[in-house]
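# Descriptive analysis of the structure
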Amino acid sequence: MFPNRDTIELVAGSGVTAAMTIGYLVFVGRVIGPAEYSDFSAALSIIYFVGLTLSPLTPTIARLTASYRARGGADDSVVALRRAALQRTMLVAGAITVAGIAVSFALANALRFRTAAPLAWAFAAVFLYAIVSVDRGVAQGLLLFRFYNANVIIEAAVRLVLAVILVLIVRAASSALLPYVVGLGIAEIALAGRLRQRGSGQGSVDWLDVRRLAVPIMIVMFSLAVFQNADMLAVKRWFSPRDAGAYGAATAVARAFGVIFVPFYVIAGPLLTSLHEAGKPIVGATLRLTAWFAAAGIAALLLVAAAPQLLLRSLYGADFLRGASILVPLGGIAIISYAGLMLAQALLTLHDFRFVAGYVVCAVLQCIGLAFFHTDYSDVIRVLYVAQIAAVLSVSIFFLARRRA
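Predicted model only: the values in this text are computed from it and were never measured.

Analysis parameters
Residues numbered from 1 in each chain as written. Predicted model: local features only at pLDDT ≥ 70, side-chain atom pairs only at ≥ 80, totals over all residues. Heavy atoms only, no water. Helix = DSSP H or I, 4+ residues; strand = E, 2+ residues; numbered from the N terminus. Buried < 20%, exposed > 50% of the residue type's maximum accessible area, 1.4 Å probe, protein only. Contact = heavy atoms within 4.5 Å. Areas by Shrake-Rupley, 256 points an atom, 1.4 Å probe, with all protein chains shown as cover. Lys, Arg positive; Asp, Glu negative; His and termini not counted. Charge placed at Lys NZ, Arg CZ, Asp CG, Glu CD. 1 Å grid on protein atoms, 1.4 Å probe; cavity = no way out; pocket = protein on both sides within 12 Å on 5 of 7 lines; lining within 4 Å. Points joined across faces, edges and corners; volume = space filled by probe spheres on them. Nonpolar A, V, L, I, M, F, W, Y, C, P; charged D, E, K, R; others polar. Axes fitted to C-alpha atoms, helices over the stretch in contact; angles between N-to-C directions. Parallel < 35°, antiparallel > 145°, perpendicular 65-115°, else oblique. Left-handed = near helix turned anticlockwise from the far one by under 90°. Expected span 1.5 Å × (residues − 1). Arc of directions from axis to C-beta. Core = buried A, V, L, I, M, F, W, Y, C linked by side-chain atoms within 4.5 Å. Phe/Tyr/Trp six-rings, centres within 6.5 Å; stacked < 30°, edge-to-face > 60°. Lys NZ or Arg CZ within 6 Å of the ring centre and 35° of its normal. Salt bridge = Lys/Arg side-chain N within 4 Å of Asp/Glu carboxyl O.

## Considering the overall build of the protein
- A tally of regular secondary structure across the protein gives 15 helices and zero strands.
- Summarising its shape, the C-alpha atoms of the protein cover approximately 55 × 45 × 35 Å along the three principal directions.
- Here the protein holds 405 residues, and 58% of them are scored as buried.
- Of all intrachain contacts in the protein linking residues separated by at least 6 positions in sequence, the fraction that spans at least 24 positions is 85%.
- Carbon together with sulfur atoms contributes 68% to the accessible area of the protein, which is approximately 16,100 Å² in total.
- Charge-centre separation for the protein: the mean point of 32 positive side chains lies 2 Å from the mean point of 18 negative side chains.

## Examining empty space enclosed by the protein
- A full pass over the atoms with the stated rule returns two cavities of 30 Å³ or more.
- Along its surface, the second largest cavity is lined by Leu25, Tyr37, Ser41, Leu44, Ser45, Tyr48, Met232, Gly248, Thr251, Ala252 and Arg255.
- Elements that contribute at least two residues to the lining of the second largest cavity include exactly α1 (5-54) and α9 (241-254).
- Looking at the lining of the second largest cavity element by element, the count peaks at six residues for α1.
- Partitioning the lining of the second largest cavity into residue classes produces six nonpolar, four polar and one charged.

## Some details on the packing of helix α5 (residues 117-141) against helix α6 (residues 145-169)
- Relative orientation of the contacting elements α5 and α6 amounts to 150 degrees, with a least axis distance of 8 Å. The angle between α5 and α6 falls in the class roughly antiparallel. In the packing of α5 onto α6, the handedness of the crossing is left-handed. Note on element contacts: α6 touches α5 through Phe145, Phe147, Tyr148, Asn151, Val152 and Glu155, opposite Arg136, Ala139 and Gln140.
- Across the contact of α5 with α6, the residue classes tally to five nonpolar, two polar and two charged.

## Some thoughts on helix α14 (residues 356-372)
- Given a rise of 1.5 Å per residue, 17 residues ought to cover 24 Å, and the 25 Å separating the end C-alpha atoms of α14 matches this to within 8%.
- Restricting attention to buried positions, one finds in α14 the residues Val356, Tyr359, Cys362, Ala363, Gln366, Gly369 and Leu370. For α14, the arc enclosing every buried residue in end-on projection is 145 degrees, short of the 170-degree limit, so these residues lie on one face.

## Observations regarding the packing of helix α11 (residues 283-306) against helix α13 (residues 327-349)
- Running from amino to carboxyl end, α11 crosses α13 at an angle of 175 degrees, the nearest separation of the two axes being 10 Å. As summarised for this structure, α11 and α13 are arranged roughly antiparallel, according to the angle between their axes. Along its contact with α11, which presents Thr286, Leu287, Leu289, Thr290, Phe293, Gly297, Ile298, Leu301, Val304 and Ala305, the element α13 presents Leu327, Val328, Gly331, Gly332, Ile335, Tyr338, Ala339, Met342, Leu343 and Ala346.
- Residue classes in the contact of α11 with α13 are distributed as 15 nonpolar, five polar and no charged.

## So, the nonpolar core
- Within the largest apolar cluster, 130 residues are counted, with the highest numbers of intra-cluster contacts made by Tyr37, Phe40, Tyr247, Tyr316, Leu330 and Phe355.
- If you tally residues by element for this core, the top one is α1, at 17 residues.
- Among residues more than four places away in sequence, those in contact with Tyr316 are Leu25, Val26, Gly29, Arg30, Tyr37, Ala249, Ala252 and Val253.

## A look at the packing of aromatic side chains
- All chains considered together, the criterion is met by 14 aromatic pairs.
- With a centroid separation of 5.6 Å and an interplanar angle of 80 degrees, the aromatic rings of Phe49 and Phe222 are classed as edge-to-face. In this pair, Phe49 is assigned in helix α1 and Phe222 in helix α8 (residues 207-238), connecting sequence segments 173 residues apart.
- Owing to a relative accessible area of 39%, Phe222 belongs among the partly exposed residues under this scheme.
- Relative to Tyr377, the ring of Tyr247 lies with its centre 5.7 Å away and its plane at 45 degrees, an arrangement referred to as tilted. Highlighted residues: Tyr247 in helix α9 and Tyr377 in helix α15 (residues 377-404), separated in sequence by 130 residues.
- Over the ring of Tyr24 we find Arg159; its NZ or CZ atom is 5.5 Å from the centre of that ring.
- The cationic tip of Arg159 hangs over the ring face of Tyr180; the distance from NZ or CZ to the ring centre is 4.7 Å.

## Things to note about unusual backbone geometry
- Even without being glycine, Arg112 reaches a positive phi, approximately 60 degrees.
- Structurally, the position occupied by Arg112 is in the loop between α4 (104-110) and α5.

## Observations concerning the environment of Val134
- Positionally, Val134 belongs in helix α5.
- Overall, the relative accessible area of 0% leaves Val134 in the buried class.
- With residues near it in sequence (within four places) discarded, Val134 still touches Leu57, Ile61, Arg82, Ala85, Leu86 and Thr89.

## Here we look at the pattern of salt bridges
- Going through the model one piece at a time under the given rule, you end up with nine salt bridges.
- Two residues, Arg136 and Glu155, come together in a salt bridge whose shortest N-O distance is 2.7 Å. Here Glu155 lies in helix α6 and Arg136 lies in helix α5, a separation of 19 residues in the sequence. Of the two residues examined, Arg136 and Glu155, each falls in the buried class.
- Here Glu155 and Arg159 are joined by a salt bridge, their closest N and O atoms 2.9 Å apart. In this pair, Glu155 and Arg159 are both assigned in helix α6, four residues apart and thus about one turn of the helix distant.

Given below as structure tokens:
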């Protein structure tokens, strides 16, 4: 079944996006230096944290859209779903953005930011990210993978080009975050132009289905957001600016494994939903997707392990070499975390949400661990591995139970 044409195109697109995203992160780091980069990385963690929590919009909308298609649903139902989802998302995301900007000064002081401006831009990006998530979910559910791919590439390209211009003018974290907002805005304009032409919007939407899918996924993604971003915020709070900046550089490189994961995750939702609607087993397809991702991730990790210091020096410069020792450990954590999320896709498709409690408990334990153990990088890494391996084991138990059934 894999790899097929859609997978190959998405992997290629993810490669292009990864190159531009890493280029954006690296260029910013080389120009603004470690101390300012610590502000930039921590603000990005705010975007990723809230964005991941809201990201269930994409798989939920994708699953429902794919379900309408599998059942022979008309375009009207998809249009009605998109319209209602956008209205609700704007209300919730808008409230989060306003509240976030309001507390930016207090938050900047608690996390030792030089100015609240990076946090303000981060919360503005959260609002646009939520809206884009809805429309990308519709595109995935309609199997418009090529258009989805192009949209993600456009966002990354705009962000990179604008960052090169602005950061050279004003060498500050806030100048590097404004392109993030603009890139999302242009991506949404393109999405809206493509999707608004389908149907009259007079179809009905069962919001019980939306809540049944969205709430458990949102809890899972909130936990994942904790797994992926709490460490950066902890390091920003307790480490020196230079050490926090070096950790942010290592984290940025490790996030490239997430780009490898994206095409498999994008395909998983609609594919598993379609198989389930057709009465076909989904466990085997999930295992194949997970195996392909793991193979790609491990191959990339081996390349990083070959010369971590050379890689970090080449990308960021000698000022960031403190982070070289944690490049491989952070990459390994990313692979473990994403593999667990891939297995969880099967359970979510089958509406088996028992594993969610384990995810939440592990996320809470990670925060507690970081609060007590943050003397150096090794403390942080150990806490991450213990919490995230435990989370994957909790998912695997229920996944294996489903496989036997």
